[in-house]
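Residues per chain are reported as follows:
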Amino acid sequence: KTTLDGTLQQHIQAMLDGRLNYLESQKVHNGAVLAVDHTTGEILAWVVAGKDTEDTPGRFIDAVTTPRQPGSALKPLLYSLALKKGWSAATIIDDAPLTESVGNGLHSYQNYSRTFYGPVTLRRALGNSLNIPALKTLQYVGAEDYLNYLNNLGFTGLNNHPNFYGDGIALGNGEVTLYELVQAYAAIANQGMFHPLTLFSDGLYVGLPRHVLSPEI
């Protein structure tokens, strides 16, 4: 017996199909929704939709489990580790031009707005998804510790050496799945209690819940 809610599944499928139809002109062919009970880890709806293109048989792609770069979706987890290591929401981070060596050259980092905002609080840096403060936060927590932290939150695919990702791991250049993202975000919603996701109502095949963050964080 599964934890899936058939009525919810059907409702979300209709929403997702409608959204993909709306985005078809922008060449968006695949989508997924994973809805869970964050207090128990039970998966309530696992919905995917995809259309075949000339290059890809989209109907066979499960976008819940297909790895892709998450971009800024990992930033809340990065800042949560910084809080765990001693920073606060009021910690000041300098949002200023930043250039670093990448491979055999130099790379100048930018915010999405192409604007630098000077000294900002961690709270503002996260709320506005600023890139340079995220990079400086990674330098504070350490790339290896950050990758270990993500692994503890269920991101099993980020298993390369920190040098493989470089500082770009702060901006989401590693590949993760929607399944992993939802599982980690559910822990934040559950006051820092991590529940492995499950599709089985009998509770078998699931690890024990564990604290990964304090409720204050």
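Check the entry above for the structure.
The following refers to the structure shown. Being a predicted model, the structure only gives us computed values, none of them experimental. (Residues numbered from 1 in each chain as written. Predicted model: local features only at pLDDT ≥ 70, side-chain atom pairs only at ≥ 80, totals over all residues. Heavy atoms only, no water.)

Bringing the packing of aromatic side chains into the picture now. Enumeration according to the criterion identifies 3 aromatic pairs in this entry. Look at Trp46 and Tyr179: their rings are 5.8 Å apart centre to centre, the planes differ by 50 degrees, and that puts the pair in the tilted class. Of the two residues, Trp46 sits in strand β2 (residues 42–50) while Tyr179 sits in helix α7 (residues 178–189), which places them 133 residues apart along the sequence. Here Tyr179 falls in the partly exposed class, since its relative accessible area comes to 22%. Summarising the aromatic geometry, the rings of Trp87 and Tyr140 are spaced 4.2 Å apart at their centres and angled 15 degrees between planes, so their arrangement reads as stacked. Of the two residues, Trp87 sits in the loop between α2 (75–84) and β3 (92–95) while Tyr140 sits in helix α4 (residues 131–141), which places them 53 residues apart along the sequence. (Phe/Tyr/Trp six-rings, centres within 6.5 Å; stacked < 30°, edge-to-face > 60°. Helix = DSSP H or I, 4+ residues; strand = E, 2+ residues; numbered from the N terminus. Buried < 20%, exposed > 50% of the residue type's maximum accessible area, 1.4 Å probe, protein only.)

What follows is about the layout of surface pockets. Taken as a whole, the largest pocket spans an internal volume of roughly 350 Å³. Contributing to the lining of the largest pocket are 14 residues, with Ala32, Ala63, Thr66, Arg68 and Leu178 lying nearest its centre. Lining the second largest pocket are 13 residues, with Ser80, Leu83, Ile188, Leu213 and Ile217 sitting closest to its centre. Sorting the residues of the lining of the second largest pocket by element identifies α2 and α7 as the ones contributing at least two each. The element that contributes the greatest number of residues to the lining of the second largest pocket is α2, accounting for 4 residues. Class assignment of the residues belonging to the lining of the second largest pocket gives a composition of 9 nonpolar, 4 polar and no charged. (1 Å grid on protein atoms, 1.4 Å probe; cavity = no way out; pocket = protein on both sides within 12 Å on 5 of 7 lines; lining within 4 Å. Points joined across faces, edges and corners; volume = space filled by probe spheres on them. Nonpolar A, V, L, I, M, F, W, Y, C, P; charged D, E, K, R; others polar.)

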